[in-house]
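# Residue-level structure breakdown
Each chain is listed here by its residues.
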Amino acid sequence: MTKLLTALKSLRLQLSGKRFIAVLAIVLVLAPVSAQAIGLGDIVSLIKTITGTLQDAVGTVLSEIQGIQTTINNYRQQIIWPLNELNRARGFVSATRARYSGLMSQIQSIKNNSASLVNPKQLESLLRGGQAGGIPQFQQFYTRVYAAVPEANAARPIHRDMMDIDDALAMDALKTTVVSDQTTAQLLTLADSLEQQSASAAPGSAPLLAAQARVTDLLAQAQMAKMLAAELRQEAAKLAHQNALLKQSATATRNLQNQMQQILKHP
Amino acid sequence: MKLPANSWTLLRNIVLLALALAVVVLILPGKARSQLGLDPCCAIISAGLDTISGLLKSVVAKPLASIQQIEQQASDFERQVVWPAAAINQARSMAVQAEGQFVQMRQVFQLPVSSATLPTPQQLEQSLLSRNPGAVAQISNDYSALYGPITAQTDAPQPIRDLVDMTDAAAQAAMKRAVEIDALADLELQAAEQINQQLQTAAPGSADILEAQTSAWLVRANAYTQSAMAELIRVRSIELANEGARLKFSTSHTGTLHSTGGQVLQQGVQ
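Residues numbered from 1 in each chain as written. Chains lettered and ligands numbered in written order. Predicted model: local features only at pLDDT ≥ 70, side-chain atom pairs only at ≥ 80, totals over all residues.

### Observations regarding the overall build of chain B
Which entries qualify depends on this criterion: Helix and strand assignments follow DSSP, with helices taken as H or I runs no shorter than four residues and strands as E runs no shorter than two, numbered in order from the N terminus. Around each residue's C-beta, the other C-beta atoms within 10 Å are counted; 20 or more make the residue buried, 12 or fewer make it exposed, and counts in between make it partly exposed. All C-beta atoms are placed from the backbone.
Of regular secondary structure, chain B possesses eight helices and zero strands. Taken from the N to the C terminus, the helices and strands of chain B come in the order α-α-α-α-α-α-α-α. The buried share of chain B, taken over its 270 residues, is 27%.

Here it is, written out as structure tokens:
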């Protein structure tokens, strides 16, 4: 009988349920009478084995699984995502927003316009308006304050060209600042929306908002690079201007020397 | 979480064995039962099967019901607290809203800002504002056309020519860098828009991947900004160096003037 049980156990591991039943039924039906004449003790022993397996192997494992499931569940609900902490974080976002956003908007909206005369006032208003729509008027207002490039007969061509490029790069940079101010306002709106969304976000939706914030940050960096490019152009033009003056000065000095020598040669 | 596969197989086999045994015993005719020797002990077998059934109820079914309850609770918690669909959709709609803003900002930055009025400055300005790295090669010509070529050998001493050349080089390099930075910024803006479009359909699990990619782009953007900053510092350093050189040349010229003046005066006295 022990051998039969061992064989059954090994069969149990190797055969699937339906096959096992079929094999068992066939064995019982086809077995010779002498072989089927199992004693009462054997049956009791078989039942004891089954109950023992149910109690020890199955019951213990199931209890352990139940314990593990409970632990994991509690860990998730009490340590990783405790509801009170989630609500507290949301409350913190709302409180921070309420505390700072108003103040920051007020500071940002302070007007720094300082010009007092008509023409500078107009130009300054355009400069600080943060409206790219005003860009076409720029040339007109700029020229009223900084004057136009002299006529062809009023200055040397190189000086006219230098004045024109100086004006152009100054205006380009000023226009870029207007564009930048407009996009800054849009970035601030986006940042505000993101913070507002964070106040009602779930742990599962927060990564989406974080990714969105990073993308917006990338956009802001790109715009910052454009501002930096404008500054580079400006500084380069300034340097080029100084250098051009040095070149002209060298040529002028050489001409002066030549003329002096001619004068000294022919008194 | 699920039961380990081995436990399920073991449990299933035991239950099937018990059921098969019961079925065989019930189906077998009386004689066969006698052959098995079951007749005298039906009560014992029945008690045994009752015990098995009781055990299945208490040891197996009860923990399974409890596990099912825990699973349900965990599922509800995750759906309602951790990953609520409404919050996820709301976050996605934020990306849709941002797209409009992104497009607007890109368009505003593409507005023409050119302002030069004369042909030569216009040519240089066009190259400078082109945002086209292909135009970089053109800048040196445009620059020389406007600011003049390097001073002729006969027009200035070598130290002055070196200074002029160095200064022109720094100014031109900065202008070229500005064009490159503009082009890179355009690419960053395009990438930002594309990542944002991906975000509109992203899942909480894939959002982390997109965030990681955006972080990489940010590192890149910071690196480009840093290189532009370095160019700016170079321009300002050259400017400062020029100031110093002028002072040095001026000192040298003053010394020459002193000695020449002294010689002239001495000749006059003699």
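After presenting the structure, the write-up continues.
### Comments concerning the overall build of chain A
Under the convention used in this document: By the convention adopted here, residues are in contact when the distance between their C-beta atoms, placed from the backbone, does not exceed 7 Å.
Of regular secondary structure, chain A possesses nine helices and zero strands. Ordered by position in the sequence, the α and β elements of chain A form the string α-α-α-α-α-α-α-α-α. Relative to its 267 residues, chain A shows a buried fraction of 26%. Contacts in chain A between residues far apart in sequence, at least 24 positions, make up 65% of those at least 6 positions apart.

### Looking at the packing of helix α9 (residues 206–265) of chain A against helix α4 (residues 85–109) of chain B
Relative placement of two packed helices is described by the angle separating their axes and the distance separating the axes. The following threshold applies: Note on geometry: axes are lines fitted to C-alpha atoms, helical ones only across the stretch in contact, with angles between N-to-C directions running from 0 to 180 degrees. Angular relationships are summarised with four words: roughly parallel below 35 degrees, roughly antiparallel beyond 145, roughly perpendicular across 65 to 115, and oblique for the angles in between. Classification convention: Asp, Glu, Lys, Arg as charged; Ala, Val, Leu, Ile, Met, Phe, Trp, Tyr, Cys, Pro as nonpolar; all other residues, Gly among them, as polar.
Packing of α9(A) against α4(B) brings their axes to within 9 Å, and their N-to-C directions diverge by 10°. Relative to α4(B), the element α9(A) lies roughly parallel. On α4(B), the residues touching Leu208(A), Leu209(A), Gln212(A), Thr216(A), Leu219(A), Gln223(A) and Lys226(A) of α9(A) are Ile88(B), Ala91(B), Arg92(B), Met94(B), Ala95(B), Ala98(B), Phe102(B), Met105(B) and Phe109(B). In the contact of α9(A) with α4(B), the residues fall into eleven nonpolar, three polar and two charged.

### A few points about the confidence of the model for chain A
Residues and elements named next belong to chain A. Put simply, the rule is: pLDDT measures how confident the predictor is about each residue, on a scale from 0 to 100.
Averaged over all residues, the pLDDT of chain A equals 85, while 85% of them reach at least 70. Within the model, the stretch residues 1–5 combines pLDDT values under 50 with three contacts to residues more than four positions away or in other chains. Scored below 50 in pLDDT, residues 10–15 shows six contacts in the model against residues more than four places distant or in partner chains.

### Section: the interface of chain B and chain A
Note on interface size: it is often stated as the accessible area lost on association of the parts. At the junction of the two partners, chain B supplies 118 residues and chain A supplies 102 residues. No other element matches helix α8 (residues 204–269) of chain B, which puts 22 residues into the side of chain B that touches chain A. Residues belonging to the side of chain B that touches chain A are distributed by class as follows: 79 nonpolar, 26 polar and 13 charged.

### Examining the environment of Leu239(A)
Here Leu239(A) is to be found in helix α9. Excluding anything up to four places from it in sequence, Leu239(A) contacts Thr167(B), Ala170(B), Ala171(B), Val235(B), Ile238(B) and Glu239(B).

### Looking at the nonpolar core
Applied cut-off: A set of buried Ala, Val, Leu, Ile, Met, Phe, Trp, Tyr and Cys residues, joined through C-beta atoms within 7 Å, is what we mean by a nonpolar core.
In terms of nonpolar packing, the biggest core is built from 78 residues, with Ala225(A), Ala236(A), Met175(B), Ile181(B) and Leu199(B) touching the most fellow members. Residue contributions to this core peak at 19 residues, all from α9(A). When residues no more than four places from it in sequence are discounted, the contact partners of Ala225(A) are Ile181(B), Leu184(B), Ala185(B), Ala221(B), Tyr224(B), Thr225(B) and Ala228(B). Core analysis: the next-biggest nonpolar cluster, separate from the first, contains ten residues, Ile65(A), Leu17(B), Ile52(B) and Leu55(B) among them.

### Here we look at the environment of Ala202(A)
Relative to the assigned elements, Ala202(A) resides in the loop between α8 (157–198) and α9. C-alpha of Ala202(A) to C-alpha of Leu86(A): the two residues are 116 residues apart in sequence and 7.8 Å apart in space. Other than its neighbours up to four places away in sequence, Ala202(A) contacts Val81(B), Val82(B), Trp83(B), Pro84(B) and Ala87(B).

### Some remarks on unusual backbone geometry
All names here are of chain A. Phi at Ala147 takes a positive value of approximately 70°, unusual for a residue other than glycine. Tracing the backbone through its elements, the reader meets Ala147 in the loop between α7 (138–146) and α8. Ala147 gets classed as exposed once you count the C-beta atoms within 10 Å, which come to 10.

### Describing the packing of α8(A) against α4(B)
Where α8(A) contacts α4(B), the axes come no closer than 10 Å and their chain directions differ by 175°. Between α8(A) and α4(B), the angle is such that the two are roughly antiparallel. Along the contact surface, α8(A) presents Val179(A), Gln182(A), Thr183(A), Gln186(A), Leu190(A), Ser193(A), Leu194(A) and Gln197(A), while α4(B) presents Gln90(B), Ala91(B), Met94(B), Gln97(B), Ala98(B), Gln101(B), Gln104(B), Met105(B), Val108(B) and Phe109(B). Along the lines of polarity and charge, the residues of the contact of α8(A) with α4(B) split into nine nonpolar, nine polar and no charged.

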